[in-house]
Each structure stands twice: as structure tokens, then as C-alpha cells.
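# Observations on chain architecture
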Amino acid sequence: MSGSGAGDANTPDELAGLTPEQAEQLRAEWSRELARVEDEIATLRTVLQSKIRQSSDLKRKLGITVWKEITEDVNQGLKNVKESQVYQKTESVIKTTAEKTTSILGGITAGVSNKLGQMRNSESFRSIEERVGSAYENVKGKVASRSNSTQSFDEALRDASRGASGATSPTIPEHKPLP
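Since we're looking at a predicted model, the values are computed, not measured. (Residues numbered from 1 in each chain as written. Predicted model: local features only at pLDDT ≥ 70, side-chain atom pairs only at ≥ 80, totals over all residues. Heavy atoms only, no water.)

## Brief notes about the overall build of the chain
A count of helices and strands for the chain gives five helices and zero strands. Reading the chain from its N terminus to its C terminus gives the helix and strand order α-α-α-α-α. Classification of the 179 residues of the chain by burial places 6% in the buried group. Counted over contacts in the chain with a minimum sequence separation of 6, partners at least 24 positions apart contribute 26%. Summed over its atoms, the accessible surface of the chain is roughly 15,000 Å², and 58% of this surface lies on carbon and sulfur atoms. (Helix = DSSP H or I, 4+ residues; strand = E, 2+ residues; numbered from the N terminus. Buried < 20%, exposed > 50% of the residue type's maximum accessible area, 1.4 Å probe, protein only. Contact = heavy atoms within 4.5 Å. Areas by Shrake-Rupley, 256 points an atom, 1.4 Å probe, with all protein chains shown as cover.)

## What about the pattern of salt bridges?
Taken as a whole and judged by the stated rule, the model has two salt bridges. Note that R36 and E40 form a salt bridge whose closest N and O atoms lie 3.0 Å from each other. With a gap of four residues between them, R36 and E40 both fall in helix 1 (residues 20-62), about one helical turn apart. Among the ionic pairs, E69 bridges to K59, the shortest N-O distance being 2.8 Å. Taken as a pair, E69 in helix 2 (residues 66-83) and K59 in helix 1 lie far apart in primary sequence, ten residues in all. Residue class for E69 comes out partly exposed when judged on its relative accessible area of 27%. Residue classification places K59 among the partly exposed residues on the basis of a relative accessible area of 29%. (Salt bridge = Lys/Arg side-chain N within 4 Å of Asp/Glu carboxyl O.)

## Considering the UniProt feature "coiled-coil region" (unreviewed entry) in the chain
Per the UniProt annotation, the sites labelled "coiled-coil region" (unreviewed entry) are residues 27-54. Across residues 27-54, helical content stands at 100% and strand content at 0%; the span's end C-alpha atoms are separated by 40 Å. (UniProt positions renumbered as here; feature names shortened; annotations may be inferred.)

## Concerning the packing of helix 2 against helix 3 (residues 85-120)
Axis separation between helix 2 and helix 3 bottoms out at 5 Å; the angle between their running directions is 65°. Facing V81, K82 and E83 of helix 2, the residues of helix 3 in contact are Q85, Y87 and Q88. Residue composition of the contact of helix 2 with helix 3, by class: two nonpolar, two polar and two charged. (Axes fitted to C-alpha atoms, helices over the stretch in contact; angles between N-to-C directions. Nonpolar A, V, L, I, M, F, W, Y, C, P; charged D, E, K, R; others polar.)

## Points about the confidence of the model for the chain
Considering every residue of the chain, the mean pLDDT works out to 79; 74% of them sit at 70 or more. Across the chain, element-level confidence peaks in helix 1 with a mean pLDDT of 94 and bottoms out in helix 5 (residues 153-165) with 64. Across residues 1-9 the pLDDT falls below 50, and counting only partners more than four positions away or on other chains, this stretch makes eleven contacts in the model. (pLDDT = per-residue confidence, 0-100.)

## With respect to helix 1
Here helix 1 is 43 residues long and its end C-alpha atoms lie 62 Å apart, about the 63 Å a rise of 1.5 Å per residue gives. Within two residues after helix 1, G63 carries a phi angle of roughly 80°, on the positive side. (Expected span 1.5 Å × (residues − 1).)

## Overview of the environment of T97
Inspection of the secondary structure puts T97 in helix 3. For T97, a relative accessible area of 44% translates into the label partly exposed. A distance of 2.8 Å separates a polar side-chain atom of T97 from the backbone oxygen of V93. (Polar contact = N/O pair within 3.5 Å; in protein donor to acceptor, adjacent residues only side chain to side chain.)

## Regarding a nonpolar patch on the surface
On the surface, I104, L105, I108, V112, L116 and M119 cluster together into a nonpolar patch covering about 550 Å² of accessible area. Positionally, V112 belongs in helix 3. Taking relative accessible area as the criterion, V112 reaches 46% and is therefore assigned partly exposed. (Patch = residues over 30% accessible without salt bridge, like charges linked within 9 Å, V, L, I, M, F, W, Y side chains within 5 Å.)

Structure, rendered in C-alpha cells:
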């Protein structure tokens, strides 16, 4: 019996120092206990399967489906997340950031609108607006007066632009802000 000797490397500490007969008795006792525990496990599995079937029948009778259980679990999980401090702090930071961003964008929009209003009221813009309006009227007048002629709208437009090109338009320096 070389496998059950006290000096064997595979011998558990409980067998160390026992005679081979005592070690064999202890192993036999362990084997009986293992068989008893495995029988209990098999019995518990049978009872558990019975209880699972009973639970499933009751859930079916109550109208509780797997989908409903999953939905309730997910909803509870979301509720737990929303109630957590991390979520609350993150939501607060996002809300503050959104408010600041809206404020900044509102300021930028107001500034651009203000500048466009200033530009529209400037002399340069009014001068350009008047020239475009008079060029349009000239082209319109020429087309209307020559409606029986063979001149096209494009030709009349070119003629009007040649007449307007002699006039100089004011320049707006790029490096200076609008008044």
C-alpha cells in the first residue's frame, strides 16, 4: 500500500501520522459521507425542480410572464440608477452646462443680430441697396420698353451693369469695426 503511506506527497494532512489501517478506515468514512452528501444534493435538486415547476404554474395563473419580469427588473434597475448620487451629480452638471451653453449661444446670437442691424443701417449698406434697386429698375425698364425687340433679359442686365459700373461704390475697410 504505497499510496496510503504517511510520507506520500498526495496524502492529506488528516492522514499524516496514522497507520495504514487507520488511514483506510478514515477514507472509507469519507467515502460514505461523500455518498450521503451527493444523495442529499440529488434530493435537493429534485425538490428545487418541483418548486420551480410550482412557481411557474402559479406565475402562469397570475399572468406573470418572463417578459413582464424582465421589464420590471429593468425598470427597478433604472430607478436605482436614477436615485444614485452619481446620477444625480451627473444630471446636475449636465443641466448647468446646458444652461451656460444656451446663455453663451444667446449672447452670440444677440451680438450677431446687433451687428447685422448696425450694418444694415450703415451708409455703405444703404448705398449698395440703392444701387442694386436702381439697377434692377433700369433692367426692368429696358426689358419692358424693348419687349418687342430681340434683346434678351441677360443682354439688358449686362447693359445696365455696364452703365452702373462707371459709378464707384464706397469700400468698407475690413480691419475696422462697423459704426
